[in-house]
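Residue strings, one per chain:
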Amino acid sequence: MAKRAQIIPPRADLKTKAVNLRDGFDMRLTPEVVRKLEEVVHKSRDAFTTDIAERLVVMRRLLRELRPEPEQQREMIAQIYESSLEIKGAGGTVGYDLLSQIGKSLNDFVAEVSQLDDRQARVIGLHIDALYAVLANRITGRGGIIESAIVEAFGEARRKFRAEESAEDNDVKPAATRERDA
Amino acid sequence: MPEKIDFSKVSFLVVDKNPLTGQLIRDILHVLGATDIRLADAVKPACKELRRAPVDVIIAEHHLVPDSGLALIDWVRNSPDSADRMTPIIMLTANSEEDYVVKARDMGVTEFLAKPFHVEGLYRRLVAVIARPRAFVNAESYFGPDRRRRQVPYGGPDRRRTES
């Protein structure tokens with residue numbers, strides 16, 4: 001017989017020690033506090049863009065040195081998954097929303113592959129080139145019409161060149177998906 | 001008078017493998033007045049910190065290596081070594097697709113915030129976990145915040161499989 005769940009009432013100790021009527025910050029952020037917090041984020045922008053630039057250098061080198069051996073390809077894909085995930089998370093946080101969009105597109109693409117054919121490698125290369133262009137031209141926000149078209153085109157490329165059904169038949173799961181299922 | 005939050009009274013543990021992100025969150029919390037902010041870059045050192053001294057709020061990334069942030073949530077909620085099973089946990093992660101959110105929720109996360117994030121979003125989650133604590137559910141297969149976000153009156157028949 002299934003046991004009934006126990007509901008434990010909310011614990012008030014943290015609220016009791018931290019919430020008061022005198023000291024601290026309002027429950028709703030004031031514009032002044034938002035500005036101060038955004039200054040902190042802005043100050044970190046250079047460090048994040050340097051980090052992203054270094055990741056792009058590494059990803060480009062990995063792609064250039066790509067070999068057909070499955071193990072080497074899996075390692076490369078895993079590294080690109082890692083870096084693109086970081087770019088996805090960091091770009092928009094520091095004002096480079098387009099970096100996050102393209103980073104997400106790249107991350108979604110490599111999450112579905114475990115081996116690369118030439119076309120898929122080319123798709124990855126184009127993503128990396130686009131990320132370089134965004135950084136080099138300091139395109140903040142989501143960019144304009146051209147940038148939107150590029151992001152849409154990447155979506156089409158992902159749909160067209162994603163891992164084939166035969167990968168599932170051979171019980172080969174992309175490394176990133178294996179991690180997600182764990 | 002409106003209520004205020006004194007963040008200097010709140011201790012934090014930030015768990016992220018990117019030191020820049022950890023530093024950024026720490027800097028944001030500093031501006032809010034927090035002084036007790038610890039950093040860890042993986043699940044094992046995070047657990048070690050928590051065994052040393054519990055914190056009031058944990059902010060953790062999902063994508064940690066070698067164990068994911070879900071393992072940290074599991075440890076906090078279910079490990080006999082966990083000093084405080086009801087510690088609020090905010091998952092702040094770029095792994096923001098639905099299945100990640102569902103898994104984090106079902107593991108016992110308190111709040112979820114996707115990266116890239118804006119400071120207002122982080123602040124709202126901090127207010128939620130500090131000023132609006134949630135009830136917890138202790139069931140056979142789950143220990144964590146009550147996952148029901150709304151209380152909706154139900155006038156129909158009781159449909160539980162068993163009564164006890």
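Treat the numbers as computed from the prediction; the structure is a model and nothing was measured.

> Tell me about the overall build of chain B, and name the residues and values.
Helix and strand counts for chain B stand at 5 helices and 8 strands. When the helices and strands of chain B are placed in sequence order, the string is β-β-α-β-α-β-α-β-α-β-α-β-β. Here chain B has a C-alpha radius of gyration of 17 Å; the compact-globule value for 164 residues is 15 Å, and the two agree. Projecting the C-alpha coordinates of chain B onto the three principal axes gives extents of approximately 55 × 45 × 30 Å. Counting across all 164 residues of chain B, residues that qualify as buried make up 54%. A sequence separation of at least 24 residues applies to 62% of the contacts in chain B between residues at least 6 apart. Carbon and sulfur atoms provide 50% of the accessible area of chain B, an area that totals close to 7700 Å².

> Describe the sheet that holds strand β1 (residues 4-5) of chain B, and please don't skip the residues or the numbers.
Judged by pairing direction, the sheet is antiparallel, and its 3 strands sit side by side in the order β2(A)-β1(B)-β3(A) without closing on themselves. With one partner strand each, in any of the chains shown, β2 (19-20) and β3 (25-26) of chain A form the two edges of the open sheet. As paired strands, β3(A) and β1(B) are joined by 2 bridges and run antiparallel to one another. Looking at β1(B), one finds that A:Phe25 is bridged to B:Ile5.

> Tell me about the interface of chain B and chain A, and name the residues and values.
Counting from both sides, the interface comprises 58 residues of chain B and, opposite them, 51 residues of chain A. Counting each side, the surface lost to burial between chain B and chain A is near 5100 Å², with a carbon and sulfur contribution of 58%. Of all residues in chain B, B:Glu3, B:Lys4 and B:His63 bury the most surface against chain A, accounting for 13% of the area lost on that side. Joining chain B to chain A, the criterion identifies 7 salt bridges. Among the ionic pairs, A:Lys88 bridges to B:Glu97, the shortest N-O distance being 3.0 Å. For the interface between chain B and chain A, the tally reads 19 residue pairs in polar contact (both at pLDDT 80 or more). Those elements that provide at least two residues to the side of chain B that touches chain A are β1, α1 (19-31), α4 (98-107), α5 (119-131) and β7 (136-138) of chain B. If one sorts the elements of the side of chain B that touches chain A by residue count, α5(B) sits on top with 7 residues. Each residue belonging to the side of chain B that touches chain A can be placed in one class, and the counts come to 30 nonpolar, 10 polar and 18 charged.

> Would you mind going over the pairing of strand β2 (residues 11-15) of chain B in detail, with residue names and values included?
Residue and element names in this part refer to chain B. β2 sits mainly inside the fold: 5 of its 5 residues count as buried. Of the two faces of β2, both are covered, the one formed by Ser11, Leu13 and Val15 as well as the one formed by Phe12 and Val14. As defined by bridge partners, β2 adjoins strand β3 (residues 36-40) across 5 bridges and the pair is classed as parallel. Paired with Ser11 across the bridge in β3 is Asp36. The handedness of the β2 to β3 crossover, carried by α1, is right-handed. Examined bridge by bridge, β2 and strand β4 (residues 57-60) share 4 bridges and lie parallel to one another. From the neighbouring strand, Phe12 faces β4, where its bridge partner is Val57.

> Let's hear about the packing of aromatic side chains: which residues, and what values?
Counted under the stated rule, the structure contains 3 aromatic pairs over all chains. Plain terms: the ring middles of B:Phe136 and B:Phe143 are 5.5 Å apart, the flat faces sit at 50 degrees to each other, and that makes the pair tilted. An aromatic cluster is built from A:Phe25, B:Phe7 and B:Tyr123, whose rings are joined through pairwise contacts. We note B:Arg85 situated over the ring of B:Phe143; from NZ or CZ to the ring centre the distance is 3.7 Å. One cation-aromatic arrangement involves B:Arg147 over B:Tyr142; the distance from NZ or CZ to the ring centre is 3.6 Å.

> Can you explain the sheet that holds strand β1 (residues 6-8) of chain A? Please cite residues and give values.
Strand order in the open sheet formed by 3 strands is β1(A)-β7(B)-β8(B), with antiparallel pairing between adjacent strands. In the strand order of this sheet, the two ends are held by β1 of chain A together with β8 (143-145) of chain B, each with one partner. Sheet twist, expressed as the mean angle between neighbouring strand axes with direction ignored, is 25 degrees. Bridge count for β7(B) against β8(B) is 3 bridges, and the pairing is antiparallel. Residue B:Phe136 lies in a different strand from β8(B), and its bridge partner there is B:Pro145.

> So what about helix α2 (residues 43-52) of chain B? Which residues, and what values?
Residues and elements named next belong to chain B. The complete set of buried residues in α2 reads Val43, Ala46, Cys47 and Leu50. Looking down the long axis of α2, one finds its buried residues gathered within 100 degrees of arc, a one-sided arrangement. Residues of α2 that are exposed and point over 90 degrees away from its buried face: Lys44, Lys48 and Arg52. Among the structural elements, β2, β3, β4 and α3 (69-78) are those in contact with the buried residues of α2.

> Account for the confidence of the model for chain A, naming residues and giving values.
Residues and elements named next belong to chain A. In the predicted model, chain A carries a mean pLDDT of 88, and 88% of its residues have values of at least 70. Within chain A, no element has a lower average pLDDT than helix α8 (residues 166-169), which sits at 44, and none a higher one than helix α2 (residues 31-43), at 97. Segment residues 165-182 is flagged for pLDDT under 50; beyond a separation of four residues in sequence, or across chains, it makes 20 contacts in the model.

Criteria and cut-off values
- Residues numbered from 1 in each chain as written.
- Chains lettered and ligands numbered in written order.
- Predicted model: local features only at pLDDT ≥ 70, side-chain atom pairs only at ≥ 80, totals over all residues.
- Heavy atoms only, no water.
- Helix = DSSP H or I, 4+ residues; strand = E, 2+ residues; numbered from the N terminus.
- Rg over C-alpha atoms; globule rule 2.2 N^0.38 Å.
- Buried < 20%, exposed > 50% of the residue type's maximum accessible area, 1.4 Å probe, protein only.
- Contact = heavy atoms within 4.5 Å.
- Areas by Shrake-Rupley, 256 points an atom, 1.4 Å probe, with all protein chains shown as cover.
- Pairing = 2+ DSSP bridges.
- Buried area = accessible area lost by both parts, 1.4 Å probe.
- Salt bridge = Lys/Arg side-chain N within 4 Å of Asp/Glu carboxyl O.
- Polar contact = N/O pair within 3.5 Å; in protein donor to acceptor, adjacent residues only side chain to side chain.
- Nonpolar A, V, L, I, M, F, W, Y, C, P; charged D, E, K, R; others polar.
- Right-handed = clockwise from strand over helix to strand, strands pointing away.
- Phe/Tyr/Trp six-rings, centres within 6.5 Å; stacked < 30°, edge-to-face > 60°.
- Lys NZ or Arg CZ within 6 Å of the ring centre and 35° of its normal.
- Axes fitted to C-alpha atoms, helices over the stretch in contact; angles between N-to-C directions.
- Arc of directions from axis to C-beta.
- pLDDT = per-residue confidence, 0-100.

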